[in-house]
Amino acid sequence: MNYGRTYNFSAGPAMMPEPVLEEIRDEMLNYNGSGMCVMEMSHRSKVFEEIIQEAEKDLRELMNIPDNYKVLFIQGGGTVQFAMVPMNLMKNGKACYIETGAWSKKAIAEAKKYGEVQIVASSKDKNFTYIPDCSDLDIPEDADYVYICENETINGTTYYQLPDTKGKILVSDQSSMFLSRPCDVSRYGLIWAGVQKNVGPAGLAIVIIREDLIRDDLPVFVPTYLNYKTHADSASLYNTPNCWAIYCCGKVFKYLKKLGGLEAMNRINEDKAAVLYDFLDSSRFFKAAVVKKDRSLMNVPFVSPSKEQDAEVVAASKAAGFDNLKGHKSVGGLRASIYNAMPKEGVEALVAFLKDYEEKHA
Ligand SMILES: *Cc1c(COP(=O)(O)O)cnc(C)c1O
């Protein structure tokens, strides 16, 4: 059905799969015979308990999450995790961070409030257009963990190889790539993702944490809500969670399972991103910002020959019915976010538009 929807290239909140939105619409006034909308439902009700438990079960299946990991649904989006991670995991008061762009910088700034941060690799020298070599990092013996932002939403880079952490715990911010490709959870101590990039509505972070990292010896001043143990002990129902977002995410998990899981999703994403990258590499007007080997399949920053022309392309794209192609103010240029829910036709339409623009203006 044609709802008059636009191809929305926003970095987040971002597109959700249309069949999921349709299902949510159909259940809006009466969820599964409960006589109410999920928004109106007690989080202590049997119906909601089933929703959250099923969401967790489907996520565990999708990501093949080992039994010794907890899945937590925590409010506050991604930014709260910048603080929760060091608050909960800094035992020796020292952690290693890899600096690859805007979101790892935010994580670093926040972690510095809780302990010593060592930046063990950085791509700052080339304006964060690549992922630094992480095969032989200088990691102190007493470091509590090594932290990465696995997909830099603003800069458009992603890891195709995880760092060698020399036996230390790996912590990863997967916000803008969560469920976009298969993930071997056992290689991480903690994975977290704000869901509004690639899964559902804003206001929820999913945390996957190895059980032995959940502590009961945190200082008393750590707020109850910011202790992972609070959420682990109460199956994410310590207080009222973001019921609506959990419900929507659960729908997306089912949608991904039906699609064939994360391997199928990854093939679709590779195929889709290639349409845009191939065009950018063949263009004499537009240029991809990131080196080939580290390019994100989710966020594609690119530039035209000048800042003035960047702005003109953005305006023309908007007039042509595409939304949110302006690059982040910290890097400029353009950026197309092409998450799981962006159909290939959307990318093809964008490329046709850019080709046409190039012919007329180059
Ligand atoms: C958006 C984003 C965040 C922050 O998420 P909020 O929910 O807005 O706090 C953190 N990390 C990455 C990689 C992001 O893309």
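It should be emphasised that the depicted structure is a prediction, and the values quoted were computed from it without experimental measurement.

**Q** Can you walk me through the nonpolar core in this structure?
**A** In this structure, Met63, Phe178, Leu179 and Ile208 are the most contacted members of the largest nonpolar core, which totals 55 residues. Sort the elements by how many residues they give to this core and helix H6 (residues 243-259) lands first, with 9 residues. In terms of nonpolar packing, the next biggest core, distinct from the first, is built from 33 residues, Met177, Val347, Val351 and Tyr357 among them.

**Q** How should the environment of Asn239 be read in this particular structure?
**A** Position of Asn239 relative to the elements: it lies in the loop between helix H5 (228-233) and H6. Classification of Asn239 as partly exposed rests on a relative accessible area of 30%. Separated by 105 residues in the primary sequence, Asn239 and Cys134 have C-alpha atoms spaced 40 Å apart. Excluding its chain neighbours within four sequence positions, the residues that come into contact with Asn239 are His43, Arg44, Gln75 and Tyr225.

**Q** Quick question: what am I supposed to make of the sheet that holds strand S5 (residues 145-149) here?
**A** The strands making up a sheet are joined through hydrogen bonds of the backbone, oriented either antiparallel or parallel. Judged by pairing direction, the sheet is mixed, and its 7 strands sit side by side in the order S2-S10-S9-S8-S5-S3-S4 without closing on themselves. In this open sheet, the two edge strands, each paired with only one partner strand, are strand S2 (69-75) and strand S4 (116-122). Each neighbouring strand pair of the sheet contributes to a mean axis angle of 20°, computed without reference to strand direction. In this structure, strand S8 (residues 169-173) lies alongside strand S9 (residues 190-194), joined through 3 bridges in parallel fashion. Residue pairing for S9: Val171 is matched across the bridge by Leu190.

**Q** Help me understand the state of the cysteines, please; the structure alone is not making it clear to me.
**A** Structurally, a disulfide amounts to a covalent bond that connects the sulfur atoms of two cysteines. Under the counting rule described, the total for this entry stands at 0 disulfides. In this model Cys134 remains outside any disulfide bridge; the closest cysteine sulfur is found in Cys96, 11 Å from its own. A disulfide-free cysteine, Cys248 has its sulfur positioned 7.0 Å from the sulfur of Cys249, the nearest such atom. For Cys248, a relative accessible area of 2% puts it in the buried group.

**Q** Explain the packing of aromatic side chains to me, please; I cannot follow it from the model alone.
**A** For any pair of aromatic rings, the description consists of the separation of the ring centres together with the inter-plane angle of the planes. Within the structure shown, the criterion is met by 14 aromatic pairs. With a centroid separation of 5.8 Å and 65° between ring planes, the pair formed by Tyr97 and Tyr145 is classed as edge-to-face. With Tyr97 in strand S3 (residues 94-99) and Tyr145 in strand S5, this residue pair connects regions lying 48 residues apart in the sequence. Note on accessibility: Tyr97 and Tyr145 belong to one class, buried. Here Trp244 and Tyr247 contribute two aromatic rings whose centre-to-centre distance is 5.2 Å and whose plane-to-plane angle is 45°, an arrangement assigned as tilted. In this pair, Trp244 and Tyr247 both sit in helix H6, 3 residues apart, roughly one turn of the helix. Its relative accessible area of 21% is what places Trp244 among the partly exposed residues. Overall, Tyr247 belongs to the buried group, its relative accessible area being 4%.

How each quantity is defined
- Residues numbered from 1 in each chain as written.
- Predicted model: local features only at pLDDT ≥ 70, side-chain atom pairs only at ≥ 80, totals over all residues.
- Heavy atoms only, no water.
- Core = buried A, V, L, I, M, F, W, Y, C linked by side-chain atoms within 4.5 Å.
- Buried < 20%, exposed > 50% of the residue type's maximum accessible area, 1.4 Å probe, protein only.
- Helix = DSSP H or I, 4+ residues; strand = E, 2+ residues; numbered from the N terminus.
- Contact = heavy atoms within 4.5 Å.
- Pairing = 2+ DSSP bridges.
- Axes fitted to C-alpha atoms, helices over the stretch in contact; angles between N-to-C directions.
- Disulfide = S-S within 2.5 Å.
- Phe/Tyr/Trp six-rings, centres within 6.5 Å; stacked < 30°, edge-to-face > 60°.

Read these as spatial facts, not as claims about activity.
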